[in-house]
Amino acid sequence: MSKNSRQIFLIFLAYYGMTCVSNAYFLFGPYYESLGATPQRAGLFLSAFYMVTLFCRPLGSIVMERLDIRRTLIGSALLCAAATAGIALTLGGGASLLVFRALSGIFFSVFIVATVAAQSILLDEKSRGIGFALFTTGSMLPLATVVPLCEWFISGGFGALYIWTPVVISLLCAAVGWKVSNLNYTGKEKSEWGSYSGLFRTKGFAVLLLTAITMSLADAGTLSVASLAGARGVSVSYFMIASAAGAVVIRTLGFGLISKAPRVKLAAPAVALMGFALFGLAFCSSAWMFAFFGAVFGLAIGVAYPTNFSLVGDLMPPQYHPKATGLVLLVIDVGWIVSPLMYGYISPVLGASNTYRFTGLLVFAAAAAIYWKYWRTFTPRAATRR
C-alpha cells in the first residue's frame, strides 16, 4: 500500500469511527424515555448536539488550517471521549447532560471537518467521485454495525455497555489519528488558504449549500426511525441494516455506472428519492417493508452524500476546500437540528406517521424545485468534470 493510499485508509477509519460515535445515539431517544424522560427532553438532547455543530463547522476549518491534521484528530477525539463519558455519568441530570452533549458536538464537528477536508486534499479530480463514494460508506456502515450492537445491548438489559460505547470508540479514533500524517495545501509561493469572500464568489456554491441542507433534513429523519419502528412493533435494525446495505452497494458496486453522469445532475434527484423513502416509510407496519424503504433510502443517500462533497472539489480550487467543507457540513447540521425538534414537538400532535409523511413530502418538493430551477441548466466547465 502506497503512503497516500495508507493515509486515505486511515482517514476513512477515523471518519467511520467518529460516525459510529454519533450514530450510537440514534437509539438514545427510546433509551432515555425508558429512564423516565419525555419525548421533548429526548428530542432536545438529540438536537443539542447538532445545534452546536452548526456553529462549530468553521471552527473545524480554523483548527485544521492552524494545526496539522494529526493533532486535530487526536485532540478532538480525546475531548469527545471526555464529553461522551460526561453524558454517561449525568443521565439523571438536566442541564449537565445537555452541556456534555453540546461539548461532544463541538469535538465531533472539528474531527469530521478534518477528515472530509483531508480526503478532498488527498483525492485528485479523476478519483474524487469514486473516492468520496467509498469514503462516505463510513457514514453508513455504522448503521449496520454499531446501531444493531447498541440495540442488542439495550434489549439485553446491558444499558451500561450501551452508554459507554461512544467513549470507547472515541478513544479508538484518537488511536487511529495518531497514525495519520500531516496534510496541507501549498500555494505557489507559500502555504495559504482561500478566503470566505472568494469562496462565495464561486459560481454554484450557494446552490450546493441549498441542496445539502435539503439532503440533511431527510438524512436526519433516521434519528427518529427507532421511535416510529417501536410504535409499529418492528425492530429498527431492519431499516438501518437495509439502508446501510443499499448505500454501501451503490457506493461500491454501482457508483462506477452512476459516475458517468455529471455530478450536478445527480445530487438533487437523489435527495428527492430520500424524501420519497421517508414518505413511504410512514405507511409501513411490517419488517420487510421497513427493510424495503430502508434500502431505497440507502441507495438515495448513497448517491447524494458523496456527490455533494465531490462537488466541493469540482467547483472550487484546493485552497477553498477546508472552508467549503466546513460550510457544507454546517448547513447539513441544520437538518439534524430541525428534524429531532420537529419530531419531538409535532409527533405528539400529528402522530409519528403523519410527521414522516410531512417531512418526506417537504424534502421531495424542495429537491425537485432545486433541480428544476438550478442544477438542470447548471453547466459551467468546472461542474461537468467527472
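Reading the values: rules and limits
Residues numbered from 1 in each chain as written. Predicted model: local features only at pLDDT ≥ 70, side-chain atom pairs only at ≥ 80, totals over all residues. Heavy atoms only, no water. Helix = DSSP H or I, 4+ residues; strand = E, 2+ residues; numbered from the N terminus. Buried < 20%, exposed > 50% of the residue type's maximum accessible area, 1.4 Å probe, protein only. Contact = heavy atoms within 4.5 Å. Areas by Shrake-Rupley, 256 points an atom, 1.4 Å probe, with all protein chains shown as cover. Phe/Tyr/Trp six-rings, centres within 6.5 Å; stacked < 30°, edge-to-face > 60°. Lys NZ or Arg CZ within 6 Å of the ring centre and 35° of its normal. Expected span 1.5 Å × (residues − 1). Bend = angle between axes of the 7 residues up to and from the residue.

Draft legend 1. The arrangement of the overall build of the protein in detail. Each helix and strand counted, the protein has 18 helices and 0 strands in total. Across the 386 residues in the protein, those meeting the buried criterion constitute 60%. A sequence separation of at least 24 residues applies to 85% of the contacts in the protein between residues at least 6 apart. On the protein, roughly 14900 Å² of surface is accessible, and the fraction owed to carbon and sulfur atoms is 68%.

Draft legend 2. Geometry of the environment of isoleucine 241. Tracing the backbone through its elements, the reader meets isoleucine 241 in helix α13 (residues 237–252). Sequence separation between isoleucine 241 and leucine 143 is 98 residues, and the spatial gap between their C-alpha atoms is 5.9 Å. Apart from the residues within four sequence positions on either side, isoleucine 241 is in contact with Leu143, Ala144 and Pro148.

Draft legend 3. Highlighting the packing of aromatic side chains. One pass over the full model with this rule turns up 14 aromatic pairs. A centroid spacing of 4.0 Å and a plane angle of 25° characterise the contact between phenylalanine 28 and phenylalanine 45, whose relative ring orientation is stacked. Taken together, the residues span a long stretch of sequence, with phenylalanine 28 in helix α2 (residues 28–34) and phenylalanine 45 in helix α3 (residues 39–66) at a distance of 17 residues. Across the pair, phenylalanine 45 and phenylalanine 28 agree in class, each one buried. Members of the aromatic cluster, each reached through a chain of ring pairs, are Tyr25, Phe28, Tyr31, Tyr32, Phe45 and Tyr162. The positively charged end of arginine 70 is found above the aromatic ring belonging to tryptophan 178, 4.5 Å away from the centroid. When the ring centre of tyrosine 25 is taken as origin, the NZ or CZ atom of arginine 101, which lies over that ring, is 4.9 Å away.

Draft legend 4. Spatial organisation of helix α17 (residues 321–350). Spanning 30 residues, α17 covers 42 Å between terminal C-alpha atoms, matching the ideal 44 Å at 1.5 Å per step. Where α17 bends most, at glycine 344, the angle is about 30°, and the proline proline 348 comes one to four residues later. A large share of α17 lies buried, amounting to 22 of its 30 residues. One or two residues past the end of α17 sits glycine 351, with phi positive at roughly 95°.

Draft legend 5. Fine view of the environment of proline 30. Mapped onto the elements, proline 30 comes out in helix α2. Using a relative accessible area of 34% as the deciding quantity, one classes proline 30 as partly exposed. Taking the C-alpha atoms as reference points, proline 30 and serine 227, separated by 197 residues in sequence, lie 6.5 Å from one another. With sequence-adjacent residues up to four places away left out, proline 30 is seen in contact with Ala226 and Ser227.

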